[in-house]
Amino acid sequence: DQVLPPIVVVQHIPALYVEDLARRLREQTGYTVLPAGDLQPLRDGTAVLAPGDHHLRVVEQFGTLRTKFTDEPPVRGHRPAAEILFESCAALPRPGVACLMTGMGQDGAAGLLRLRTLGWTTLGQDEASCEIYGMPRAARELGAVKHELPLAAIGPWLVANCRRSNGQRPGAAAPTETAPRA
């Protein structure tokens, strides 16, 4: 039986839209997509969306990856921020896959570079398919992006490269501003 590893999404949207986005993504993808809960265990085959009013970290407790909400100050005006998620991912015991998609500014660029230097596979959405090529551009310019892909290719790439059947599943993080992967 093959499943994707857990997916964590940071989206720059107000908290009141997170449930609607999760429902929409469930309907469009058939994937289990839920608003994240504080200290919620991450499960294979499930994507969680950061709340719109807290940062989201991934922590390991007793061998289980969990979400953790924090009220740290906004990073470059964002809470939740991809930088905070990526910072937490850098402390995890094994590398995974991290992706930056369309969005304004530089949120996540430095964190994505750090993850790449730690052996993570890093993706960035290409300019042609972005509504706003700010975040992926900043990451590409830093050398943080290993694979730059059009939006329509990101989901299939992740399925092809992250699906495992032998229990050796990498972690996955997918910060984005306006277009989470499907």
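Before reading on, note that the structure itself is shown above.
Given the structure is predicted, the values throughout are model-derived calculations rather than measurements.

Q: How would you explain helix H4 (residues 135-142) if you had to name every residue and give the values?
A: Among the residues making up H4, those that are buried are Met-135, Pro-136, Ala-138 and Ala-139. For H4, the angular spread of the buried residues around the axis is 160°, confining them to a single face. Contacts from the buried residues of H4 go to strand E6 (96-100), helix H3 (109-117) and strand E7 (121-125). Two residues or fewer past H4, Gly-143 is found with a positive phi of approximately 85°.

Q: Outline the pattern of salt bridges, listing residues and values.
A: The tally for this structure, following the rule as stated, stands at five salt bridges. Here Glu-87 ties to Arg-57 by a salt bridge, and the two come within 2.5 Å at their closest N and O atoms. Remark: Arg-57 occurs in strand E4 (residues 55-61) and Glu-87 occurs in helix H2 (residues 82-90); sequence separation between them is 30 residues. By relative accessible area, Arg-57 is classed as buried at 15%. Bridged by salt links that share partners, the residues Arg-57, Glu-72 and Glu-87 form one connected network.

Q: Before we move on, could you go through the environment of Ala-109 and cite the residues and values that matter?
A: With respect to the element layout, Ala-109 can be found in helix H3. Sequence spacing of Ala-109 and Met-135 is 26 residues, and the spatial spacing of their C-alpha atoms is 6.5 Å. Ignoring anything within four residues of it in the chain, the contact list for Ala-109 reads Glu-83, Leu-100, Ala-138, Ala-139, Leu-142 and Ala-144.

Q: So what's going on with the pairing of E6? Which residues, and what values?
A: Here E6 lies mainly inside the structure; five of its five residues are buried. The handedness of the E6 to E7 crossover, carried by H3, is right-handed.

Q: So what about the side chain of Thr-70? Which residues, and what values?
A: Among the structural elements, Thr-70 can be located in strand E5 (residues 64-70). A distance of 2.6 Å separates a polar atom in the side chain of Thr-70 from a polar atom in the side chain of Glu-72. If we ignore the near neighbours within four places in the chain, the residues touching Thr-70 are His-54, His-55, Arg-57 and Arg-79.

Q: Break down the environment of Asn-161 for me, citing the residues and quoting the values.
A: Tracing the backbone through its elements, the reader meets Asn-161 in helix H5 (residues 151-162). In the structure, Asn-161 is positioned 40 residues away from Thr-121 in sequence and 10.0 Å away in space, judged by C-alpha atoms. A distance of 2.8 Å separates a polar side-chain atom of Asn-161 from the backbone oxygen of Trp-157.

Q: Requested: an account of the side chain of Gln-40, with residues and values cited.
A: Checked against the element boundaries, Gln-40 lands in the loop between strand E2 (32-35) and strand E3 (46-49). Given the relative accessible area of 18%, Gln-40 is considered buried. Sequence-distant contacts of Gln-40, that is, excluding residues within four places in its chain, are made with Leu-34, Pro-35, Val-48, Leu-65, Arg-66 and Thr-67.

Q: Tell me about the packing of H2 against H3, residues and numbers included.
A: Helix-helix packing is described using two parameters, namely the angle between the two axes and the distance between the axes. Contact pair H2 / H3: the axes reach a minimum separation of 8 Å and the direction vectors enclose 15°. Compared by their axis directions, H2 and H3 come out roughly parallel. Where H2 crosses over H3, the two elements pack in a sense that is left-handed. Contacts from Glu-83, Phe-86, Glu-87, Cys-89 and Ala-90 in H2 reach Ala-109, Ala-110, Gly-111, Leu-112, Arg-114 and Leu-115 in H3.

The rules behind the values
Residues numbered from 1 in each chain as written. Predicted model: local features only at pLDDT ≥ 70, side-chain atom pairs only at ≥ 80, totals over all residues. Heavy atoms only, no water. Buried < 20%, exposed > 50% of the residue type's maximum accessible area, 1.4 Å probe, protein only. Helix = DSSP H or I, 4+ residues; strand = E, 2+ residues; numbered from the N terminus. Arc of directions from axis to C-beta. Contact = heavy atoms within 4.5 Å. Salt bridge = Lys/Arg side-chain N within 4 Å of Asp/Glu carboxyl O. Right-handed = clockwise from strand over helix to strand, strands pointing away. Polar contact = N/O pair within 3.5 Å; in protein donor to acceptor, adjacent residues only side chain to side chain. Axes fitted to C-alpha atoms, helices over the stretch in contact; angles between N-to-C directions. Parallel < 35°, antiparallel > 145°, perpendicular 65-115°, else oblique. Left-handed = near helix turned anticlockwise from the far one by under 90°.

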